[in-house]
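Secondary and tertiary structure notes
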Amino acid sequence: MPRRTERHILPDLLQPGLALVFCGTAAGRRSAAERAYYAHPGNLFWRALFDAGLTPRLLLPPEFPLLLDYSIGLTDLAKRHMGNDDELPRDAFDAPALVAKIERHAPRLLAFTSKNAARSALGHAVSCGLLDETIGDTRLVVLPSPSGQARGHWDLAPWLALSELYHAVHATP
């Protein structure tokens, strides 16, 4: 059963001018309990960051604040709910709040960590990869979910393509 709180389950890791921000749907139970993004041991997020060359070493979930050192941020669509996507109420996702955050902080790239996150934020079906649409000047990318529950659909290739985009925009002032 999903739980709603009055405060954010996980704090946003955002600041102006980041090269890349990842956006998931909501904190899972393990992430909420540990107060760390993508904390379930079956989640491939941290491994994908390292394997794709987005971080120089494999970070542990509690080290998520270190991502700012690499010009990478984190947020979720549902900041006050936790649980699996299929358990969340339809009104859990706050797309207008996400758009406002992205317009305010203006990262060069916003990567949705699942097609469900992108569909919920953008209001239409999407495929993995770089999208034609933007939020302000922020380019949008959709990745296959790193969740252990989505392991049958896992593919590192879109994460590698994201890494190429990230390195191109991160090298540009």
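The sections below set out a description of the structure shown in this document. Predicted, not measured: the structure shown is a model, and the values here were computed from it.

Brief notes about the overall build of the protein
Looking only at helices and strands, the protein features 5 helices and 6 strands. Along the protein, helices and strands appear, N-terminal first, in the series β-β-α-α-β-α-β-α-β-β-α. The C-alpha atoms of the protein give 15 Å as radius of gyration, which agrees with the globular expectation for 173 residues (16 Å, within 12%). Sequence separation of at least 24 residues holds for 70% of the intrachain contacts in the protein that already meet a minimum separation of 6.

Overview of unusual backbone geometry
Of note, R35 is a non-glycine position whose phi angle comes to about 55°, a positive value. What makes R35 partly exposed here is its relative accessible area of 36%. Although it is not a glycine, A106 adopts a positive phi angle of roughly 50°. On the secondary structure map, A106 appears in the loop between α3 (95-105) and β4 (109-112). Note on A106: relative accessible area 44%, which makes it partly exposed.

Section: the nonpolar core
Among the nonpolar cores identified, the biggest contains 33 residues, and L20, F22, W46, L54, L74 and L162 are the most heavily contacted of them. When residues of this core are assigned to their parent elements, the largest contribution, 5 residues, is made by helix α5 (residues 157-170). Once residues lying within four places of it in the same chain are set aside, the contact partners of L20 are L54, S71, I72, G73, L109, A111, L162 and Y166. Ranked by size, the runner-up nonpolar core spans 22 residues in total, among them L18, C23, L88 and L110.

The rules we used
Every chain's residues receive numbers from 1 upward, in the order its sequence appears when written. Two thresholds apply to this predicted model, a pLDDT of at least 70 for residue-level local features and 80 or more for giving and counting side-chain atom pairs, whereas whole-chain, interface and lining totals are computed over all residues. Here the side-chain values reflect all heavy atoms present in the structure, with hydrogen atoms and water set aside. Only runs of H or I of at least four residues qualify as helices and only runs of E of at least two qualify as strands under DSSP, and these elements are numbered from the N terminus. Note on method: radius of gyration uses C-alpha positions; expected globular size equals 2.2 Å times residues raised to 0.38. In what follows, a contact means two residues having at least one pair of non-hydrogen atoms within 4.5 Å. The classification of residues rests on relative accessible area computed with a 1.4 Å probe and restricted to protein chains. Under 20% of the type maximum is buried, over 50% is exposed, and intermediate values are partly exposed. Here, nonpolar core means buried Ala, Val, Leu, Ile, Met, Phe, Trp, Tyr and Cys residues that are tied together by side-chain atoms lying within 4.5 Å of each other.

So far we have only geometry, and geometry alone does not tell us how the molecule works.
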